[in-house]
Amino acid sequence: MSRVDHLLGVMTLTEKIGQLTMAAAGSAVTGPITGGNILALIRSGTVGNLLNLVGPAETRRAQRVAVEETRLGIPLLLGFDVIHGHRTIFPIPLGEAASFDPGRWEQTARLAAIEAAADGVSLTFAPMLDVARDPRWGRIAEGTGEDPGVASRYAVAKVRGFHGAGLDSATAIATTAKHFCAYGAVTAGRDYAPVDLSDRTLAEVYLPPFEAAVRAGVAAVMPAFTDLAGVPMTSHSSLLNGWLRTGLRFDGVIISDYNAIAELVMHGVAADIVEAATLALKAGVDIDMMGDAFGRGLPAALERGLVSMEHVDASVRRVLRLKERLGLFDRPYRDAATTTRAAIGEDARALARDVARRAIVLLANEGTTLPLPATTARIAVVGPLADARADMLGPWSGAGRAADVVTILDGLRAALPKARIDHEPGVAFDDAFARSAPDQMAAALDLCRSADVVLLCVGEPAAMSGEAASRSSLDLPGRQRAFAEAVLDLGRPVVAILSSGRPLAVPWLTDRAAATLATWFLGIEAGHAIADVLLGHHAPTGRLPVSWPRSVGQVPIFFGQRPGGRPVSRDKRSSSGYRDFASTPQFPFGHGLSYTHFTLSNAVATVSSGTMAEAVDIRVDVANAGPRFGEETVFLFAAPGPSPVSRPVLSLKGIGKIALEPGETGTLRISMTVGPSERPLRNGVLPALFVGQSADTAALLDVVRG
Ligand code: GLC
């Protein structure tokens, strides 16, 4: 008899429900608090899993109670959000996405897993796979932007990275694909708000990343807080039991989001905690995160025959199987270090710096403002984010510590030790808004007047990004705009450095600054990475993973829209668009400048026909026609042919990258598959393919049938 079958045969109901419960251990980033009641709850068998407990000593203490002081000695799952690094904090996922580099996405997850496992973590609530097309939603920061294909590639890379050599390896941490699903489509960009979508959009945009994660072997899935067309995801049986478990044969664990089962009462679909527990368990949810809904509701639900013991056992079995796959029964302490956390290693910092550089997107660069000449003698570094430390970690930095951060000012001073680098914030972030007495501006403006160049470091405090941080505006919060315009009015060359968890609609700034960098929140190596790009030690290679609006009034705005019968047109009155404003983004998906320029030529597509789909291999020559080294990212878009339903005007089908020295030419090969819905039904000729830096600058290429 298997261990799991044996345990199921001897467990009491309390012990079974304990395995379906995950309690928060109250750990703060600076140190866990495993006070009395958590250890008592573990000892009694009513809590079989924890979240938010990190640190070798703390996790060992809790695990030892579970293994040595309970009747059956079942080890705990120890969950933690490792969203973009554990101790070594990398750029937020939206920034990491800008590198379009699955190899590095996997690398950062691998390093994070090693650090988290050493801290006793065995399960992480990542990767976050929510496609987001509305920057008002604060959690756009935690995902990879607007395209499902990018999110799908990210899913595979992160599952591989976190799992490493396999879940039973000491440095693996189990992954959770979240938030299932369509959380990024919340009404009006308000977090937790209802979601309404067509089945087609659900199937083509929001489900694919979760399918990719399941096929890559993700260990768990977390339903979103939201409802979809009135059905809360936490009790959405047709998507959980149906699409996920039956359709994709997903046999992993489904973990509710924080207190989400109990919140079914607030959704209005459950009269009380008993009905909430019943709905969630029968829909396929296995673990109740921090809600105690199963603990309070399942005994009565069983008594009233609302659920059966088979339902309970099926969930307990999946939880125990995950603990077995992680090797917790044999090695409950896994790779947890015996000492406290080591300092961040140089290799880790080198990776963090490399990945941060590649997250930076050069949005605009007048002439050759950037890179800054090495002879730049006097620089004014101003703005509330110039010397910000904690903000560089972003809104969800787990075990990261502000003390480990290299600020923008630090990085500049390290890179230009001989230059005079003066700093004044000008305005300060105060309770998440940039309010300050005018006199702080005067001091900053004085510095700018006599500087060779001004680095204007503005954006959002990290607290205005991430969960429960939706905004109604995409402008700079607080008094930053007044300050920035005063700086611009001085007439000195201004380089705007934007730090944010979302695209910011600031055309008034980007049109006037001599250059603008989107730097997201770059993590512990922010300052060095920004200095590397500003000084040309690293050519900017980042590309926008999300359309960058001119105004919040354009939102949602994304490249994969259907044309409608009267597409956007500047010339025709009866066309889709605004009477008072442009309809195009300020910077399109895929946009990003470098310090050189590239030309594309000789694109040839060879097609090998299949039954359900056609494999298309594109070969295109790329030349570096500019003065400096650069890396080009080529996006392959497919335009639809006639089809029974209207299709998005562009679909991203492939991405290729090539690094070239000045004058060098190389050949990129990108392959893609074109499904039946993307081929005209009539003559089966492939649609036109776009190849280029981004949808709006792409050159339309005829497809040559190979
Ligand atoms: C949350 C988040 C989820 C996270 C969980 C545990 O509120 O929605 O993403 O994994 O809590 O911290």
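The rules behind these values
Residues numbered from 1 in each chain as written. Predicted model: local features only at pLDDT ≥ 70, side-chain atom pairs only at ≥ 80, totals over all residues. Heavy atoms only, no water. Helix = DSSP H or I, 4+ residues; strand = E, 2+ residues; numbered from the N terminus. Buried < 20%, exposed > 50% of the residue type's maximum accessible area, 1.4 Å probe, protein only. Areas by Shrake-Rupley, 256 points an atom, 1.4 Å probe, with all protein chains shown as cover. Lys, Arg positive; Asp, Glu negative; His and termini not counted. Charge placed at Lys NZ, Arg CZ, Asp CG, Glu CD. Pairing = 2+ DSSP bridges. Axes fitted to C-alpha atoms, helices over the stretch in contact; angles between N-to-C directions. Parallel < 35°, antiparallel > 145°, perpendicular 65-115°, else oblique. Left-handed = near helix turned anticlockwise from the far one by under 90°. Contact = heavy atoms within 4.5 Å. 1 Å grid on protein atoms, 1.4 Å probe; cavity = no way out; pocket = protein on both sides within 12 Å on 5 of 7 lines; lining within 4 Å. Points joined across faces, edges and corners; volume = space filled by probe spheres on them. Nonpolar A, V, L, I, M, F, W, Y, C, P; charged D, E, K, R; others polar. Core = buried A, V, L, I, M, F, W, Y, C linked by side-chain atoms within 4.5 Å. Near = heavy atom within 4 Å. Polar contact = N/O pair within 3.5 Å; in protein donor to acceptor, adjacent residues only side chain to side chain. Arc of directions from axis to C-beta. Expected span 1.5 Å × (residues − 1).

(A) Looking closely at the overall build of the protein. What the protein contains, in helices and strands, is 20 helices and 23 strands. In terms of overall dimensions, the protein has C-alpha extents of about 75 × 65 × 45 Å along its principal axes. Of all 706 residues assigned to the protein, the portion counted as buried reaches 60%. By element, 52% of the accessible surface of the protein is carried by carbon and sulfur atoms, the whole surface being about 25,600 Å². Side-chain charges of the protein comprise 68 positive and 72 negative groups, with the mean position of each set lying 3 Å from the other.

(B) Region of the structure containing the sheet that holds strand β9 (residues 253-254). Reading across from one edge, β5-β6-β9 is the order of the 3 strands in this open sheet, with parallel pairing throughout. Edge positions in the sheet fall to β5 (176-180) and β9, since each of these pairs with one other strand and no more. Sheet topology places β5 next to strand β6 (residues 220-223); 4 bridges connect them, and they run parallel. In the sheet register, Thr176 faces β6, and the bridge partner there is Ala220.

(C) Examining the packing of helix α16 (residues 408-415) against helix α20 (residues 526-534) more closely. The N-to-C vectors of α16 and α20 enclose an angle of 50 degrees; their axes lie 7 Å apart at closest approach. Taken together, the axis directions place α16 and α20 in an arrangement best described as oblique. α20 is crossed by α16, and the crossing has right-handed handedness. Contacts from Ile408, Gly411, Leu412, Ala414 and Ala415 in α16 reach Gly527, His528, Ile530, Ala531 and Leu534 in α20.

(D) Geometry of the layout of surface pockets. Put simply, the largest pocket is a space of about 990 Å³. Lining the largest pocket are 35 residues, with Arg133, Asp147, Pro148, Glu204 and Val205 sitting closest to its centre. A total of 5 residues in the lining of the largest pocket trace back to one element, the largest contributor, which is helix α8 (residues 199-206). Of the residues contributing to the lining of the largest pocket, the split by class is 14 nonpolar, 9 polar and 12 charged. Approximately 790 Å³ is the volume found for the second largest pocket. Surrounding the second largest pocket, 25 residues form its lining, Phe558, Gln561, Val568, Ser583 and Thr584 being those nearest its centre. Residues that form the lining of the second largest pocket fall into these classes: 14 nonpolar, 8 polar and 3 charged.

(E) Focus on the nonpolar core. Counting 182 residues, the largest nonpolar core has Leu509, Trp520 and Leu534 as the members making the most contacts within it. Of the residues forming this core, the biggest block, 7 residues, is contributed by helix α12 (residues 273-283).

(F) Up close: the site of the ligand. Residues in close proximity to the ligand total 13 residues, the closest being Asp81, Arg139, Lys178, His179 and Asp257. Between the ligand and the protein, one listed contact pairs an oxygen atom with a side-chain N or O atom of His179 at 2.7 Å. Relative to its unbound accessible area of 310 Å², the ligand is 94% covered by the protein chains.

(G) Expanded view of helix α10 (residues 237-247). Regarding α10, the residues found buried are Leu239, Leu240, Leu244 and Arg245. On an axial view of α10, the arc spanned by its buried residues comes to 135 degrees, and they lie on one face. In α10, the exposed positions that point more than 90 degrees away from the buried face belong to Ser238, Thr246 and Gly247. Looking one or two residues past α10, Arg249 carries a phi angle of roughly 55 degrees, positive in sign.

(H) Here's a closer look at the sheet that holds strand β15 (residues 494-499). Strand order across the open sheet formed by 6 strands is β11-β16-β15-β14-β12-β13, with mixed pairing between neighbours. The open sheet is flanked by β11 (361-365) and β13 (420-424), the only strands paired with a single partner. Across the sheet, the mean angle separating the axes of adjacent strands is 15 degrees when strand polarity is ignored. Relative to strand β14 (residues 453-459), strand β12 (residues 378-382) runs parallel, the two being bridged by 4 bridges. Counterpart to Ile379 in the pairing with β14 is Val453. Set on the sheet, α20 makes contact with β14, β15 and β16 (515-518); between it and β15 the angle comes to about 145 degrees.

(I) Expanded view of the packing of helix α15 (residues 346-359) against α20. One way to put it is that α15 packs onto α20 with a least axis distance of 8 Å and a crossing angle of 50 degrees. Our classification of the angle between α15 and α20 gives oblique. α20 is crossed by α15, and the crossing has right-handed handedness. Only His528, Ala529, Asp532 and Val533 of α20 make contact with α15, whose side of the interface consists of Arg353, Ala356 and Arg357.

(J) Main features of helix α14 (residues 309-325). Helix length check: α14 (17 residues) gives 24 Å between terminal C-alpha atoms against 24 Å at 1.5 Å per residue, within 8%. The complete set of buried residues in α14 reads Val312, Ser315, Val316, Arg318, Val319, Leu320, Leu322 and Lys323. Where α14 ends, the next residue or the one after it, Gly327, has phi of about 75 degrees, a positive value.

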